[in-house]
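Coordinate inspection notes
These are the residues of each chain, in order.
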Amino acid sequence: MSNGIAIETRGVHRSFSSRKGFLFNEVVATEALRGVDLQVPAGEIFGLLGPNGAGKTTLTKILATLLLPTSGQALVLGHNVATEALALRPKIGLVLGGERGLYNRISARENLRYFADLYGLPLARRTGRIDEVLARVGLSDAADRRVEEFSRGMKQKLHIARGILHEPRVLFLDEPTIGLDPKSARETRKLIRGLVAEGVTIFLTTHYMFEAEELCRQIAVLSKGRIVARDTVAGLRRLVGGDRTMELEAYGFEDAEIGRIKGMPGVSRLVAEEFGPRLRLTLRLRTNELLPDELLRQLPGHPELTIRERRTSLEDIYLDLVEEEAN
Amino acid sequence: MAPSEVSRGRTLLASVRLAVLQFLADPQWLVPSMIAPVVFGLVAYELFRGSGANFALYAVLGAGMMSMWGQTLYGSGWATGQDRELGTLEPTLSAPTPYLWVVMGRVVWNTVSGLIGGAIVYVVVVASYGRPLSVPNPVGFVLMFVFVIVTLAAVGIVFAAWYVYTRYAGFVQNVGEFAFYVGTGCMFPVILLPFWTNPVSLAFPPTLAVDALRYVSIPGYQGLSWGFWGDVAGALATTAVYLAVAGTVFHRVEKHVLETGNLSEW
Ligand SMILES: Nc1ncnc2c1ncn2[C@@H]1O[C@H](COP(=O)(O)OP(=O)(O)O)[C@@H](O)[C@H]1O
Ligand SMILES: [Mg+2]
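Keep in mind it's a predicted model, so treat the numbers as computed, not measured.

Calculation rules
- Residue positions within a chain follow its written sequence, with the count starting from 1.
- Written order decides the labels, with chains lettered from A and ligands numbered from 1.
- Since the coordinates come from a predicted model, pLDDT governs what is reported: local features require at least 70, and pairs of side-chain atoms require 80 or more to be given and counted, while whole-chain, interface and lining totals use all residues.
- With hydrogens and water stripped out, all remaining heavy atoms of the structure feed into the side-chain values.
- For the purposes of this entry, the term helix denotes a DSSP run of H or I that reaches at least four residues, the term strand denotes a run of E that reaches at least two, and both are numbered from the N terminus.
- Think of it in three bands: residues with accessible area under 20% of the maximum for their type are buried, residues over 50% are exposed, and the middle band is partly exposed, with areas taken using a 1.4 Å probe on protein chains only.
- Contacts are residue-level and defined by heavy atoms, with any inter-residue pair within 4.5 Å sufficient.
- For accessible areas, the Shrake-Rupley method is used with a probe of radius 1.4 Å. Any residue's cover is judged against the shown protein chains and nothing else.
- Accessible-area loss on putting two parts together, using a 1.4 Å probe and summing over both, is the definition of buried area adopted here.
- Whenever a carboxyl oxygen of Asp or Glu lies within 4 Å of a side-chain nitrogen of Lys or Arg, that contact is scored as a salt bridge.
- Between N or O atoms, a polar contact is any pair within 3.5 Å; within protein, one atom must be a potential hydrogen donor and the other a potential acceptor, and residues adjacent in sequence are included only when both atoms are from side chains.
- Residues are grouped as follows: Ala, Val, Leu, Ile, Met, Phe, Trp, Tyr, Cys and Pro are nonpolar; Asp, Glu, Lys and Arg are charged; every other residue, Gly included, is polar.
- Here a strand pair is declared whenever DSSP counts at least two bridges between the two strands.
- Definition used in this section: a nonpolar core is a set of buried Ala, Val, Leu, Ile, Met, Phe, Trp, Tyr and Cys residues joined via side-chain atoms within 4.5 Å.
- In this text, near means that some heavy atom of the residue lies within 4 Å of the molecule or strand in question.
- Take the residue count of a helix, subtract one, and multiply by 1.5 Å to get its expected span.
- With axes taken as lines fitted to C-alpha atoms, and helix axes fitted only over the stretch in contact, angles between N-to-C directions fall between 0 and 180 degrees.
- The pLDDT score gives, residue by residue, the confidence of the prediction method on a 0 to 100 scale.

Our focus in this paragraph is the overall build of chain B. Check the secondary structure of chain B and you find 10 helices and zero strands. The order of α-helices and β-strands along chain B, N terminus first, is α-α-α-α-α-α-α-α-α-α. Out of the 266 residues in chain B, the part that is buried amounts to 55%. When contacts within chain B are restricted to residue pairs at least 6 apart in sequence, long-range pairs at least 24 apart make up 77% of them. Entry remark: accessible area of chain B is about 11600 Å², with carbon and sulfur atoms responsible for 71%.

As a further point, take the interface of chain B and chain A. Listed per partner, the contact involves 38 residues of chain B and 39 residues of chain A. Taken together, both faces of the contact between chain B and chain A bury some 3500 Å²; the carbon and sulfur share is 58%. Seen at the junction of chain B and chain A, the total is four salt bridges. Between Asp26 of chain B and Arg105 of chain A there is a salt bridge, and its shortest N-O distance comes to 2.6 Å. On inspection of chain B and its partner chain A, the count reaches 15 residue pairs in polar contact (both at pLDDT 80 or more). The set of elements that each furnish at least two residues to the side of chain B that touches chain A consists of helix H1 (8-25), helix H3 (55-86), helix H4 (89-93), helix H5 (99-129) and helix H10 (227-260) of chain B. Take the side of chain B that touches chain A: its biggest share by element is nine residues, from H1 of chain B. Among the residues forming the side of chain B that touches chain A, the class breakdown is 17 nonpolar, 11 polar and 10 charged.

All names here are of chain A. The buried count for strand E3 (residues 45-49) comes to five of five residues, which makes it a mostly enclosed element. Of the strand pairs in this sheet, E3 and strand E8 (residues 201-206) are connected by five bridges, and their pairing is parallel. When the sheet's bridge partners are listed, Leu48 is paired in E8 with Thr205.

Buried together is how nonpolar side chains tend to be arranged in soluble globular proteins. Among the nonpolar cores identified, the biggest contains 108 residues, and Phe172, Ile202 and Phe203 of chain A are the most heavily contacted of them. Sequence-distant contacts of Ile202 of chain A, defined by excluding residues within four places in its chain, comprise Glu44, Ile45, Phe46, Leu171, Leu173, Ile192, Leu195 and Val196 of chain A. Core analysis: the second largest hydrophobic core is formed by 37 residues, Leu57, Met68, Val126 and Val148 of chain B among them.

The immediate surroundings of ligand 1 are formed by Phe16, Thr30, Ala32, Pro51, Asn52, Gly53, Ala54, Gly55, Lys56, Thr57 and Thr58 of chain A together with Gly261 of chain B. Between ligand 1 and Thr57 of chain A there is a distance of 2.7 Å, counted from an oxygen atom to a side-chain nitrogen or oxygen. Relative to its free-state accessible area of 560 Å², ligand 1 is covered by the protein chains to the extent of 69%. Of all elements in the fold, only strand E2 (26-41) and helix H1 (56-63) of chain A reach the threshold of two or more residues within the shell around ligand 1. Grouping the amino acids of the shell around ligand 1 by side-chain chemistry returns four nonpolar, seven polar and one charged.

Summarising the element assignment, Trp69 of chain B is placed in helix H3. In sequence terms Trp69 of chain B and Leu18 of chain B are 51 residues apart; their C-alpha atoms lie 21 Å from each other.

Moving on to H5 of chain B. Given a rise of 1.5 Å per residue, 31 residues ought to cover 45 Å, and the 45 Å separating the end C-alpha atoms of H5 of chain B matches this to within 8%. Just downstream of H5 of chain B, Gly130 of chain B is the residue with a positive phi angle, here 90°.

Each α-helix winds once per 3.6 residues, and so residues spaced three or four apart point in a common direction. Taking 1.5 Å of rise per residue, the 13 residues of helix H5 (residues 152-164) of chain A would be expected to cover 18 Å, and the 19 Å separating its terminal C-alpha atoms lies within 8% of that figure. Burial runs high along H5 of chain A: 13 of the 13 residues are buried.

This part is about the pattern of salt bridges. Tallied over the entire structure, the rule returns 35 salt bridges over all chains. Close ionic contact of Glu90 of chain B with Lys61 of chain A constitutes a salt bridge, the shortest N to O distance being 2.9 Å. Placement of the pair is Glu90 of chain B in helix H4 and Lys61 of chain A in helix H1, with the two residues belonging to separate chains. By the burial criterion, Glu90 of chain B is buried, and Lys61 of chain A matches it. Of the charged contacts, one joins Glu99 of chain A and Lys155 of chain A as a salt bridge, the two residues approaching to 3.0 Å between their closest N and O atoms. A residue pair is termed long-range when its members are at least 10 positions apart, and Glu99 of chain A in the loop between strand E6 (92-95) and helix H3 (108-118) and Lys155 of chain A in helix H5 qualify at 56 residues. The buried category is assigned to Lys155 of chain A, whose relative accessible area is 9%. Within this structure, Glu247, Glu249, Arg278, Arg280, Arg308, Arg310 and Asp316 of chain A form a network of salt bridges that share partners.

Before going further, it helps to examine the environment of Ala153 of chain B. Inspection of the secondary structure puts Ala153 of chain B in helix H6 (residues 138-165). Considering only alpha carbons, one finds Ala153 of chain B and Gly75 of chain B, 78 residues apart in sequence, at a separation of 9.2 Å.

Let us now look at the environment of Glu211 of chain A. All names here are of chain A. Considering the arrangement of structural elements, one finds Glu211 in helix H7 (residues 209-215). With near-sequence residues (within four places) excluded, Glu211 lies in contact with Thr177, Arg189, Leu204 and Thr206. Here the side chain of Glu211 touches Thr206 through a polar contact of 3.0 Å, side chain to side chain.

Attention shifts here to the sheet that holds strand E10 (residues 226-232) of chain A. All names here are of chain A. What the six strands build is an open sheet, ordered E6-E7-E8-E3-E9-E10; its pairing is mixed. Each edge of the sheet is formed by a strand with only one pairing partner; in this case those strands are E6 and E10. Strand-to-strand twist across the sheet, computed as the mean angle between neighbouring axes with direction ignored, equals 15°. In this structure, E3 lies alongside strand E9 (residues 218-223), joined through four bridges in parallel fashion. Each bridged residue has a counterpart across the sheet, and for Phe46 the counterpart in E9 is Gln218. Lying on the sheet, H1 is in contact with E3, E6, strand E7 (170-174), E8 and E9; it crosses E8 at an angle near 155°.

All names here are of chain A. One can find Ser107 in the loop between E6 and H3. Polar side-chain contacts of Ser107 include one of 3.1 Å to the backbone nitrogen of Glu110. Each residue touching Ser107, except ones within four places of it in the same chain, is listed here: Ala143, Asp144, Arg145, Arg146 and Val147.

Where the model shows low pLDDT, its predicted coordinates should not be examined in detail. All names here are of chain B. Taken over all residues, the pLDDT of chain B has a mean of 79, while the share at 70 or more is 81%. The least confident element of chain B is helix H7 (residues 169-183), whose mean pLDDT is 57; the most confident is H1, at 92. What the predictor reports for the complex is a pTM of 0.83 with an ipTM of 0.80.

Take unusual backbone geometry next. Across residues other than glycine, the phi torsion is negative in most instances, and most of the peptide bonds are trans. All names here are of chain A. Here Thr65, not a glycine, exhibits a phi torsion of approximately 65°, which is positive. Judged by its relative accessible area of 1%, Thr65 is buried. If you check the backbone angles, Glu175 has positive phi at about 45° while not being a glycine. Secondary-structure assignment places Glu175 in the loop between E7 and helix H6 (182-197). Owing to a relative accessible area of 12%, Glu175 belongs among the buried residues under this scheme.

And the structure:
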């Protein structure tokens, strides 16, 4: 592992077998990861972006020593996650998030104290450090309340507090803002930015492009267990280059019309979506030549047609990438 | 700040502390741990009344075992099942201390609460009896009582591993519970069971320990043919085997769950 690389994976595969049925136990195999190669630089926020079921949690758990890869190798801070888990664990933190994963009947402070002991936090520093992280995530006032009284956002903050308690050098955050109200989500993102400023390497998974765009310098897009793109945010933007995005909306289009538009020079992609009674066609254009007027000529008999050109967003690229993989 | 070596003793203490805090936080625990022994004591007293000179002793032993075995034998496994349900099993296993030491802490707590239950039974029966029990060998009685608990705890550790292994452990346990209870002779001496059950029963150290306890406390008791010392030796040997395999079993189970990835199932 070269200097400055915090996480490195080579050909990581992971399959799960689950059983279906009761009497005739049919074993169903799911390939959650199909050969993941990644390099995550130390000291920055790396974003792993992907839709539900892409394999984000699976990869996160493998890197955090909670799951073994079926094949391939993963190194975190130079430790092999499969064979050197005990040496690695004190140096990493994992935040799986969600409503679960906390002792609900006891206070936030007691939850933290338990894990401080499990991580062998120096006794002299224990109380001080717990106060520190509670303040850090904004839970000082709620520290002695039972966790069962906490809101979703407060639980998420407590998860993060536990994740950073032992001052890990690498922090894994699996969809840290999922299910949070916008205000809590913003606070959580602010907290994450603060951590990386202190030199912690953060591996963050999300299915929101805007979140990755806001927080991360480098992004990898995971789709169906494969990395389909890996670049800096700026690089991903360049990927779009001079691409234009145009949206056509009308009360329905004929299949033949859609076919004609698809066949026009420069149209690299066409997605049809329904919006109530209206149908929207989103076009990605790789040329400056194609003008709205030409499109209009292809679609006679749609007096109510609206055409709108807009900037291609990273979200568009992300959806393109994920869909290409699916087809 | 990451320490090079995480203390196992500290994990064990933290685990005891957590168990106590959770106990105090949840009043429902008062039922099995405090009220059940009172009920068991009263029922056993009525049940055994008039069945010979030592009936009060029989009542103490029967009810004492009944209130202790569940706590001590299954308490630790149950807590692990609880970890699964709460989703705390994953963060706990991702800590740098082997999970076995968390379980050990729970075993210590369950042993203590099992003993408290036993003491409650004793007080209830003596109060119903109206005068102190004449135990022929009080020191031996107390020692063997604790010994039984230790053997139960040893089996309890191995049972807890089962809870880490699969989310179905609770179901399997509920089915097996009754058989185990009868098989170890907690309810009535194993000697009364059909012969074929003996090898199974004898694989459980508490069977022998309970028999030894009866030898010590009931005058003229005729239990397993090898007598008191045979019981003690056998119980010690089987307990040692359980404790020795516990480490290996946990190590294997932890590896297994990382392979199958079923830690978050519940
Ligand atoms: N323990 C498991 N047993 C069986 N299948 C699983 C298990 N965990 C994940 N999977 C499957 O692996 C795929 C990837 O899941 P996951 O990593 O949770 O995706 P994501 O976090 O990106 O939503 C999904 O198809 C999921 O159903
Ligand atoms: Mg996930």
